[in-house]
Amino acid sequence: MSGICDGRVVIVTGAGRGLGRAHALALAAEGARVVVNDLGVGPDGLPGEPPGPSGHARQVADEIRAAGGEALAHGGDIAAPEGARSLVAAAVDGFGRLDALVNNAGFLRDRMLVNLGEDDWDAVVRVHLKGHFLPLKHAAAHWRAEAKAGRGTAARVVNTTSGAGLLGSVGQGGYSAAKAGIVALTLVAAAELGRYGVQVNAVAPAARTRMTERAFAETMAAPAAPGAFDAMSPENVSPLVVWLCSGPPSAGVTGRVFEAEAGRITVMEGWRRGPTADKGARWAPAEAGEAARGLLAGAEPPLPVYGAE
């Protein structure tokens, strides 16, 4: 290992299993001291299987320590104000500093829109979008105070969006909306926090987790052939996350969205102004429609929504 995160203190939310666990272990292998957060719920956000609240976080922290690294477990709800506050405090009190935050926690409650209950919508938006906002808010307040005290920071935030948030996904209205919101939050945070030495980026991963292995069983299956490249292993996503959490190696990279899947890394290019018509005065409805159709004829067609026929 190159040790590109030597001495850095990194929080990873939802790190008890799946992508979060992979990120935590990869960060520790590169020298980071890791705060492993996990609430211990099931893939739908309801009380999960043993070992229960924070137990999976303790297991990952123990695994890091057994390999010679430094880690501590945190079992708080990062979508609640006290949980998010205590998460940042755990890093600062336990390791004396905070250098990076990886927002990863989430769960699914998939339904078609006509069958999607308000409670399910609220729960999914809460864990993904509010669960990114609150840890980011408290971490940002810490880094702003450090900057104002004259202690320079090279802080990093890695948010977790999804192809569902970038393109949409049938049956995942709440999840897609929350993940799209995370992209906008990333752009705003990058613009606001740069003055304090904070870089903010987002990653849209594709990997085998509890949330994907059932819904996309065939796509996410591990290869049957011994020694074959496991394209959907969550460990394939972690190297980019580790690099984005590093100090000097990732300097200057902020406000960007990446896709990471198998051995592929893609820089996503978001909304840009395309064909435009300007009348210089108010359009009549029929005129506006005619102009819009003309513009659409010269525009790039959108990529298809996941799951669309």
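Described in the following lines is the structure provided in the data block.

Here is what the cut-offs are and how they apply
Residues numbered from 1 in each chain as written. Predicted model: local features only at pLDDT ≥ 70, side-chain atom pairs only at ≥ 80, totals over all residues. Heavy atoms only, no water. 1 Å grid on protein atoms, 1.4 Å probe; cavity = no way out; pocket = protein on both sides within 12 Å on 5 of 7 lines; lining within 4 Å. Points joined across faces, edges and corners; volume = space filled by probe spheres on them. Helix = DSSP H or I, 4+ residues; strand = E, 2+ residues; numbered from the N terminus. Patch = residues over 30% accessible without salt bridge, like charges linked within 9 Å, V, L, I, M, F, W, Y side chains within 5 Å. Areas by Shrake-Rupley, 256 points an atom, 1.4 Å probe, with all protein chains shown as cover. Salt bridge = Lys/Arg side-chain N within 4 Å of Asp/Glu carboxyl O. Buried < 20%, exposed > 50% of the residue type's maximum accessible area, 1.4 Å probe, protein only. Pairing = 2+ DSSP bridges.

Considering empty space enclosed by the protein
Here is step 1: Following the criterion strictly, the structure yields 2 cavities of 30 Å³ or more and no others.
Here is step 2: What the largest cavity holds in volume is close to 60 Å³.
Here is step 3: Surrounding the largest cavity, 13 residues form its lining, Arg 109, Leu 116, Val 124, Gly 174 and Tyr 175 being those nearest its centre.
Here is step 4: For the lining of the largest cavity, the elements supplying multiple residues, two or more each, are helix 4 (118-148) and helix 6 (173-193).
Here is step 5: Computed from the structure, the second largest cavity encloses a volume of approximately 30 Å³.

Side note on a nonpolar patch on the surface
Here is step 1: Taken together, the side chains of Met 112, Val 114, Val 170 and Val 305 make up a nonpolar region of the molecular surface, amounting to roughly 370 Å² of accessible area.
Here is step 2: Along the polypeptide, Val 305 turns up in the segment after helix 9 (285-297).
Here is step 3: Classification of Val 305 by relative accessible area gives partly exposed; the value is 35%.

Some remarks on the pairing of strand 6 (residues 198-206)
Here is step 1: Most of strand 6 sits inside the fold, with 8 of its 9 residues counted as buried.
Here is step 2: Direction of pairing for strand 5 (residues 155-160) relative to strand 6: parallel, over a ladder of 6 bridges. Note on strand 6: the bridge partner recorded for Ala 155 is Val 198.
Here is step 3: Bridge analysis of strand 6 against strand 7 (residues 257-261) gives 5 bridges, and the strand direction is parallel. Paired with Ala 204 across the bridge in strand 7 is Glu 259.

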